[in-house]
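# Structural features, examined
Here is what each chain is made of, one letter per residue.
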Amino acid sequence: MPTPKLDGAALQEALAALPAWTFDPARHAIRRALRFADFNAAFAFMTRVALQAERADHHPEWRNVFNRVEIVLTTHDAGGLTERDLALARFIDAAAAALGGRPA
């Protein structure tokens, strides 16, 4: 059974707790773009996130160009943002901070 999609007050509370992320209402998803010192730092960040995503069996949509990483989180089988996305977003925020990521 999929994790339920967040709506209403639960969604607003979740978004308020993730100020670095932007809500995409058309996809019921959150987005974040990061810039790192160089390609190696961006790739190290993506590797750290990939390992966590695999453990959680919840994978981001993302794009990497040199030192920039763009991420979209949504739970496809729930039709939008769920607690699984929030957990991965919190992990991504911590990993970005540890590896020198800054807003792109």
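Presented here is a report on the structure given in the accompanying data block.

Definitions and cut-offs
- Residues numbered from 1 in each chain as written.
- Predicted model: local features only at pLDDT ≥ 70, side-chain atom pairs only at ≥ 80, totals over all residues.
- Heavy atoms only, no water.
- Helix = DSSP H or I, 4+ residues; strand = E, 2+ residues; numbered from the N terminus.
- Buried < 20%, exposed > 50% of the residue type's maximum accessible area, 1.4 Å probe, protein only.
- Contact = heavy atoms within 4.5 Å.
- Core = buried A, V, L, I, M, F, W, Y, C linked by side-chain atoms within 4.5 Å.

To continue, consider the overall build of the chain. A tally of regular secondary structure across the chain gives three helices and five strands. Along the chain, helices and strands appear, N-terminal first, in the series α-β-β-α-β-β-α-β. With the principal axes as the frame, the chain shows a C-alpha extent of 40 × 25 × 20 Å. In the chain, which comprises 104 residues, the share counted as buried stands at 38%. Of the contacts formed within the chain by residues at least 6 apart in sequence, a portion of 65% connects residues at least 24 apart.

Bringing the nonpolar core into the picture now. Judged by nonpolar contacts, the single largest core of 24 residues is most densely connected at W21, I30, F45, I71, L73 and I92. Of all the secondary structure elements, the ones that give two or more residues to this core are α1 (8-16), β2 (29-35), α2 (39-56), β4 (68-73) and α3 (83-98). Looking at which element gives the most residues to this core, the answer is α3, with six residues. When residues no more than four places from it in sequence are discounted, the contact partners of I30 are L15, L18, W21, T22, F23, I71, V72, L73, L81 and A89.

A positive phi angle is found at H28, which is not glycine, with a value near 50°. Along the polypeptide, H28 turns up in the loop between β1 (22-24) and β2. Here F66, not a glycine, exhibits a phi torsion of approximately 50°, which is positive. Note that F66 resides in the loop between β3 (61-65) and β4.

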